[in-house]
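# Commentary on secondary and tertiary structure
The primary structure of each chain is shown beneath.
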Amino acid sequence: MVDYHAANSQSSAGGSQTYMEQENDWDRDLLLDPAWEKQQRKTFTAWCNSHLRKAGTQIENIEEDFRDGLKLMLLLEVISGERLPKPERGKMRVHKINNVNKALDFIASKGVKLVSIGAEEIVDGNTKMTLGMIWTIILRFAIQDISVEETSAKEGLLLWCQRKTAPYKNVNVQNFHISWKDGLAFNALIHRHRPDLIDYDSLRKDDPVTNLNNAFEVAEKHLDIPKMLDAEDIVNTARPDEKAIMTYVSSFYHAFSGAQKAETAANRICKVLAVNQENEQMMEDYEKLASDLLEWIKATIPWLENRTQEKTVNDMQAKQEDFRDYRTVHKPPKVQEKCQLEISFNTLQTKLRLNNRPAFMPSEGRMISDINGGWNHLEGAEKGYEEWMLSEIRRLERLEHLAVKFHQKCAIHESWTDGKETMLNERNYESASLSEVKALLKKHEAFESDLAAHQDRVEQIAAIAQELNELDYYDAPSVNARCQKICDQWDVLGGLTQNRRQSLERTEKQLESIDGLYLEYAKRAAPFNNWMEGAMEDLQDMFIVHNIEEIQGLITAHEQFKSTLSEADKEREAIQSIHGEVQNIAQNGNIKLSSGNPYTTITPESINDKWSKVQQMVPQRDTALQDELNKQNRNDSLRATFANRANEVGSFIQAKMEEISKISIEMHGTLEDQQRSLQEYQENIMRYKDSIDDLETCHQQIQEALIFDNKYTQYTMEHLRVGWEQLLTTIARTINEVENQILTRDAKGISQEQLFEYRASFNHFDKDHSGALIADEFKACLISLGYDVENDKQGDAEFARIMGIVDPNNCGSVTFQAFIDFMSTETTDRDTADQVIASFKVLAADKNYITAEELRRELPPDQAEYCIARMAPYTGPDTVPGALDYMSFSTALYGESDL
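Residues numbered from 1 in each chain as written. Predicted model: local features only at pLDDT ≥ 70, side-chain atom pairs only at ≥ 80, totals over all residues. Heavy atoms only, no water.

## Digging into the overall build of the chain
We count it as follows: Strands here mean DSSP runs of E at least two residues long; helices mean DSSP runs of H or I at least four residues long; both are numbered from the N terminus. Only protein chains enter the calculation, and the probe is 1.4 Å; a residue is then buried if its accessible area is under 20% of its type maximum, exposed if over 50%, and partly exposed in between. Methods summary: accessible areas were calculated by the Shrake-Rupley approach with a probe of 1.4 Å, and residue burial reflects only the protein chains presented.
Counting secondary structure elements, the chain contains 35 helices and 6 strands. Within the span of the chain, comprising 899 residues, buried residues form 46% of the whole. Carbon together with sulfur atoms contributes 48% to the accessible area of the chain, which is approximately 44,700 Å² in total.

## Let's talk about the nonpolar core
Counted only if it meets this: Throughout this description, the term nonpolar core refers to a set of buried Ala, Val, Leu, Ile, Met, Phe, Trp, Tyr and Cys residues connected via side-chain atoms within 4.5 Å. Contacts are assigned to residue pairs that have any heavy atoms within 4.5 Å of one another.
Grouped together as the largest cluster of nonpolar side chains are 78 residues, with contacts concentrated most on I137, W180, F186 and F252. It is helix α8 (residues 127-143) that contributes the most residues to this core, 11 residues altogether. Those residues in contact with F186, other than ones at most four positions away along the chain, are W180, L212, A215, F216, L229, I245, Y248, V249 and F252. By size, the runner-up hydrophobic cluster in this structure holds 46 residues, among which are I702, I735, F778 and M803.

## Structural notes on the pattern of salt bridges
Let me state the cut-off plainly: Salt bridges are defined by distance alone: a side-chain nitrogen of Lys or Arg within 4 Å of a carboxyl oxygen of Asp or Glu.
Under the counting rule described, the total for this entry stands at 50 salt bridges. The partner of E537 in a salt bridge is K409, and the shortest N-O contact between them spans 2.0 Å. With a gap of 128 residues between them, E537 in helix α21 (residues 516-540) and K409 in helix α16 (residues 368-417) connect regions that are remote in the sequence. You'll find E537 and K409 in the same group, each marked buried. Ionic pairing is found between E520 and R524, a salt bridge with its closest N-O pair at 3.7 Å. Of this pair, E520 and R524 both sit in helix α21, 4 residues apart, which is roughly one turn of the helix.

## Some remarks on the environment of F44
Position of F44 among the secondary structure elements: in helix α3 (residues 34-52). C-alpha of F44 to C-alpha of T247: the two residues are 203 residues apart in sequence and 7.6 Å apart in space. In this structure F44 touches I62, L131, I134, W135, I138, K243 and T247, once residues within four positions along its chain are discounted.

## Describing the packing of aromatic side chains
Short version of the rule: Here a Phe, Tyr or Trp ring, Trp counted by its six-membered ring, pairs with any other such ring whose centre lies within 6.5 Å, and the pair is stacked when the planes are under 30 degrees apart, edge-to-face when over 60, and tilted otherwise.
Per the counting criterion, the structure on display carries 28 aromatic pairs. Both rings, one in W180 and one in F186, keep their centres 4.8 Å apart while their planes meet at 50°; by these two values the pair is tilted. Between Y385 and W388, the ring centres sit 5.9 Å apart and the planes meet at 35°, which makes this aromatic pair tilted. Remark: W388 and Y385 occur in helix α16; sequence separation between them is 3 residues, near one turn of the helix.

## Here's the deal with helix α32 (residues 833-843)
Rules: The arc refers to the directions leading from the helix axis to the C-beta atoms.
If you check which residues of α32 are buried, you get A833, V836, I837, S839, F840 and L843. Taken down its axis, α32 places every buried residue within 160° of arc, on the same side. Following α32 by one or two positions, A845 adopts a phi angle in the positive range, close to 55°.

## Looking at the state of the cysteines
What counts here: When two cysteine sulfur atoms lie within 2.5 Å, the pair is treated as a disulfide.
As enumerated under the stated definition, the model contains 0 disulfides in all. Left without a disulfide partner, C270 is nearest to the cysteine sulfur of C867, which lies 8.2 Å away.

## Some remarks on α8
Within an α-helix, residues lying three or four positions from one another point in the same direction, as the helix has 3.6 residues per turn. As a reminder of what qualifies: An expected span of 1.5 Å times one less than the residue number is assigned to each helix.
Here α8 contains 17 residues, and its C-alpha end-to-end distance of 22 Å stays within 8% of the 24 Å for a straight helix at 1.5 Å per residue. The element α8 is extensively covered by neighbouring structure, given that 16 of its 17 residues are classed as buried.

## Some points on unusual backbone geometry
The residue N170 is not glycine, and still its phi comes out positive at about 65°. With respect to the helices and strands, the residue N170 is situated in the loop between α9 (153-165) and α10 (184-193). Residue class for N170 comes out partly exposed when judged on its relative accessible area of 47%. At D846, a residue that is not glycine, the phi angle is positive and equals roughly 70°. The residue D846 is located in the loop between α32 and α33 (852-858) in this model.

## Overview of the confidence of the model for the chain
Short version of the rule: Note: pLDDT gives the predictor's confidence per residue, expressed from 0 to 100.
Mean pLDDT over the chain: 81, with 89% of residues reaching 70 or higher. Taken together, the stretch residues 1-31 has pLDDT below 50 and engages in 65 contacts with residues farther than four places along the chain or on a different chain. In this model residues 510-514 is a low-confidence stretch, pLDDT under 50, and it forms 15 contacts with partners more than four residues away in sequence or in other chains.

## With respect to the packing of α3 against helix α5 (residues 70-80)
Convention followed: Structural elements are reduced to axes, namely lines fitted to C-alpha atoms, with helices fitted over the stretch in contact, and the angle between N-to-C directions of any two is expressed from 0 to 180 degrees. Throughout, the term roughly parallel applies to angles under 35 degrees, roughly antiparallel to angles over 145, roughly perpendicular to angles from 65 to 115, and oblique to all others. By the definition used in this description, the sense in which the near helix is turned from the far one sets the handedness, with an anticlockwise turn below a right angle giving left-handed and a clockwise turn giving right-handed. Only Asp, Glu, Lys and Arg are considered charged in this grouping, and only Ala, Val, Leu, Ile, Met, Phe, Trp, Tyr, Cys and Pro are considered nonpolar; every other residue, Gly among them, is considered polar.
It is the contact of α3 with α5, at a shortest axis distance of 9 Å, that shows an interaxial angle of 65°. In terms of orientation, α3 lies roughly perpendicular with respect to α5. For α3 against α5, the interelement crossing comes out left-handed. Contacts between α3 and α5 involve W47, C48, H51 and L52 from the first element and K71, L74, L75, V78 and I79 from the second. In terms of residue class, the contact of α3 with α5 is made up of 7 nonpolar, 1 polar and 1 charged.

## A short note on the environment of Y385
With a relative accessible area of 2%, Y385 lands in the buried category. In this structure, the C-alpha to C-alpha distance between Y385 and R307, residues 78 residues apart in sequence, is 7.9 Å. With near-sequence residues (within four places) excluded, Y385 lies in contact with W303, L304, N306, R307, K319 and F323.

## Thoughts on the side chain of E854
Our working definition: Under the rule applied, a polar contact is a pair of N or O atoms within 3.5 Å (in protein, one hydrogen donor and one hydrogen acceptor; residues adjacent in sequence only if both atoms are side-chain atoms).
As for its position among the elements, E854 is in helix α33. Only 2.8 Å separates the side chain of E854 from the side chain of K847, close enough to count as a polar contact. Contact partners of E854, with chain neighbours within four places excluded, come to L843, A844 and K847.

## What to know about the packing of helix α15 (residues 313-354) against α16
Direction vectors running N to C along α15 and α16 enclose 165°, while the axes themselves pass 11 Å from each other. With respect to α16, the element α15 is oriented roughly antiparallel. As for how α15 packs across α16, the hand of that crossing is left-handed. Across the contact of α15 with α16, the residue classes break down as 17 nonpolar, 3 polar and 12 charged.

Right, dumping it as structure tokens:
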């Protein structure tokens with residue numbers, strides 16, 4: 001037996017050889033099902049006779065009539081149209097083997113791999129080997145060259161059947177066995193090409209024998225396709241023989257091959273229309289997404305620009321909480337939408353450019369530049385709103401502190417002035433003795449001293465009221481009314497004091513006696529009492545600080561105050577000793593004293609009481625200052641914690657930004673590998689989101705603690721947010737660039753090696769790794785790729801032409817995407833308007849117009865209706881009713897005219 005493996009080593013069949021090797025693997029140990037063997041014998045015999053009759057002969061028994069190799073060689077000459085070597089006419093076994101070997105050698109020369117099929121088996125009449133050999137011939141000469149939409153052989157034939165029978169009810173071709181048992185598929189194939197031969201609507205799915213016989217008889221009578229199958233054999237077999245069905249169906253394919261040209265034209269149109277429909281959908285999606293994002297920006301900016309003032313710190317902090325929700329909840333999805341909008345726009349423009357379509361121009365006001373402008377306005381308003389809130393919180397905090405201080409001083413002053421007008425209006429000196437008048441005069445002098453001491457407090461009250469008005473305090477009218485009342489009363493007191501002094505001085509000449517000790521007591525007790533009241537006021541004074549240095553300054557001042565207490569205590573004891581001396585004199589001199597000091601209302605008991613209060617307030621003040629010191633220490637710790645994390649995040653973002661810029665230039669591997677690597681890199685970056693969220697939490701704590709500065713870091717949360725968003729956007733744009741390169745490669749048929757060569761050339765001349773080539777670098781790159789752009793007149797003209805393509809805006813540089821687009825345009829073919837017009841002309845049977853009926857017959861329903869809705873009526877001299885102009889429609893698809 002002869003082995004034909006060696007003959008195949010010289011085959012140049014290419015990709016089809018792999019398929020033929022799989023189909024031709026005929027195992028000599030395979031036991032054919034008897035029903036299948038019967039079907040194959042009948043089908044293969046009829047098929048062979050359909051070709052042998054052209055040579056005026058036929059076979060009766062397939063395993064017997066090919067044994068001598070003569071009719072086998074004749075069959076190969078008929079179906080191939082080539083001459084085989086001269087056969088040997090001898091009757092001996094060796095002559096027969098030689099003839100069969102010549103036939104097998106011819107088959108092998110056509111790129112067919114014959115596995116385990118030798119001349120001896122054929123000469124011996126081996127049924128399985130003979131059927132296998134004939135099936136190999138059928139595959140090579142009747143099925144292999146079938147091609148439908150980039151599929152060939154068995155898959156191409158199956159796709160052709162599915163396309164042709166798709167409109168028919170009860171027909172669903174999925175294979176070459178069970179799908180054909182009811183006969184409807186055979187009838188559908190005939191009716192699709194020759195509707196005049198078959199009344200398809202009269203066929204019934206439950207009568208397969210009638211359906212099969214009808215198709216076989218019509219095919220034999222009208223299509224010159226011999227009857228290769230028996231209806232009963234197909235119906236009575238659970239799974240008809242696939243090879244027999246394929247052989248018979250291939251005859252239909254070749255019989256109707258004349259219609260294949262129209263189908264190819266229709267497929268081209270379908271492809272072009274599908275691209276146009278997809279692009280239109282992407283345009284609609286872009287317009288809607290851009291409109292929604294701009295509406296959100298338009299609705300958000302007025303809220304951020306609202307500067308309505310609140311009355312309290314709590315109200316402003318509620319606004320701050322709303323702003324924090326906007327930052328963390330409402331804005332992030334819009335950041336993603338903006339990024340997706342840019343990616344969609346770039347992808348659409350790439351697809352339009354790759355498909356030779358005009359660039360997409362969004363509606364007015366919805367350009368990417370408009371989106372970016374609106375976004376910048378939004379971020380500017382956002383920054384201004386945050387700064388305004390912080391300023392307002394400081395202002396309200398200061399106002400609340402001043403208001404409390406104002407009302408405290410007013411209460412103290414009003415308490416002091418209570419009854420003073422009544423006292424000054426008394427006329428008790430008119431009936432008093434000289435000593436009593438002198439006492440009244442001394443008392444009045446003491447009062448004047450006290451009055452002068454209270455002048456500072458009145459001035460402080462007026463100053464605080466003025467500051468509250470300057471800071472736009474919400475309750476300023478009540479503050480002004482109270483301040484005015486105090487000032488008016490103070491003027492009244494001044495006038496009454498002056499009048500009383502004049503009255504006392506008029507009577508002073510008549511009065512001489514006065515008790516010096518009472519006078520001394522009154523003079524010393526009044527300022528001391530005022531000092532204690534001032535000390536009590538200072539000890540109760542509220543304070544507000546923002547850092548450790550300020551609280552330490554308050555603590556130092558408090559310590560200095562405490563150091564004066566010993567001297568104050570000595571003064572108190574001295575004042576009390578004066579009162580004791582009065583008592584001693586009165587006791588020694590048996591003097592009956594009045595109920596009190598005639599010169600002052602300040603009693604020793606009141607001095608002791610106030611002194612006790614001062615001593616109680618000192619440790620309370622110590623505690624308050626220490627608590628504030630502890631608070632500022634905690635705030636300083638928060639500053640340090642935020643700074644450490646912010647410095648770490650800022651360094652991470654900066655490092656990753658530098659890293660991604662290098663990755664985009666130094667990527668290796670296939671584009672899919674680069675895409676996966678970038679996506680994995682993106683996922684790794686997104687894992688860092690938890691650190692950003694932790695930093696946001698720390699920043700929230702700082703804001704809640706009313707911390708407004710941080711000396712430990714240069715980073716603010718706003719800077720880090722912007723950096724993080726820029727990092728994510730840069731990665732997304734880099735991934736989109738690789739995806740667009742994949743689209744370019746797939747659409748233009750550029751090999752991976754060509755892309756690597758283009759990338760290597762581009763990177764070699766991109767000396768500064770900027771991702772773009774200046775004119776001189778680009779010219780050097782073109783020269784390295786074999787372009788004639790040397791420094792002469794012809795070379796300069798060619799280089800100017802190329803630069804006009806890759807740099808239409810005269811930027812002076814060429815991006816890698818523009819470089820790839822140019823190289824793909826230079827090396828690949830593209831659909832053109834002329835090609836589409838030629839395809840429509842095929843469908844229109846060479847007419848200058850086409851009808852709706854012809855479009856619906858040749859194109860899928862949705863694309864047929866798409867054409868009908870957009871084609872203008874044909875107005876040429878040969879027009880007919882319903883004629884459509886496919887020429888203007890085709891040029892409009894490529895932007896050469898308007899739809």
